[in-house]
Amino acid sequence: NLIQIGILLRERRPRRMDGTAQELYDKVFSELTPGEFRQLLKRGEWREIKAGTMIIQRDSVVHDIQVLERGALEVRSGGEIIARNEPGQFIGEMSFLTGDKATADVRASEPSRVLVWSQEHLNELFNKKATLAFKIRGILGRDVVGKLRTQSDFDEKSMWARYQDQEQSPDA
């Protein structure tokens, strides 16, 4: 029991993280204990992405889950931009949650930086840490809901713009 108490205290003890990690923790992962977040950081890999790089291709198996730390990404379907990812949003979360292939292309629209985890390694960690798995799935679920709300707004604006174009068209 004393050992378990020691482990819990160590996980919950705030330790200084570098500025980038602290910002990501505050923005995305604040529901985790500092120790849980450090466990995630240890298993992740930071990657710099050049503008124009294809990160995920539609209908492909997605092996990684990523969180955008800096930059911007475009989500495309049928060649049309359907969403934009901003810092703090996940990439590959739908495939992680469902096990399905990618439903859209994701490309960096500017130089970007992501924190990447192999789905396999995350699942191994989650098999050992059920509470962490539960918390991460909650964070991912909120990310998906936020994107759906943004997508709805995006669609509404696109529809309104098309309507205005039609109204101004001489053929209308």
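Relevant structure appears above.
These numbers come from a predicted model, not from an experiment.

Here is what the cut-offs are and how they apply
Residues numbered from 1 in each chain as written. Predicted model: local features only at pLDDT ≥ 70, side-chain atom pairs only at ≥ 80, totals over all residues. Heavy atoms only, no water. Helix = DSSP H or I, 4+ residues; strand = E, 2+ residues; numbered from the N terminus. Buried < 20%, exposed > 50% of the residue type's maximum accessible area, 1.4 Å probe, protein only. Contact = heavy atoms within 4.5 Å. Areas by Shrake-Rupley, 256 points an atom, 1.4 Å probe, with all protein chains shown as cover. Polar contact = N/O pair within 3.5 Å; in protein donor to acceptor, adjacent residues only side chain to side chain.

Undergrad: Please explain the overall build of the protein as it appears in this structure.
TA: Each helix and strand counted, the protein has six helices and eight strands in total. Each helix and strand of the protein, placed in order from N terminus to C terminus, yields the pattern α-α-α-β-β-β-β-β-β-α-β-β-α-α. Each of the 172 residues in the protein was classed as buried or not, and the buried ones make up 38%. For the protein, restricting intrachain contacts to residue pairs at least 6 apart in sequence, the fraction spanning at least 24 positions comes to 74%. Working note: accessible area of the protein is about 11,000 Å², and carbon and sulfur atoms make up 51% of it.

Undergrad: What should I look at first to understand the environment of Arg70 in this one?
TA: Within the fold, Arg70 resides in strand β3 (residues 64–70). Overall, the relative accessible area of 36% leaves Arg70 in the partly exposed class. Residues Arg70 and Ser112, 42 residues apart in the sequence, show an inter-C-alpha distance of 5.2 Å. A distance of 3.1 Å separates the side chain of Arg70 from the side chain of Glu48, its partner in a polar contact.

Keep in mind these values describe shape, not function.
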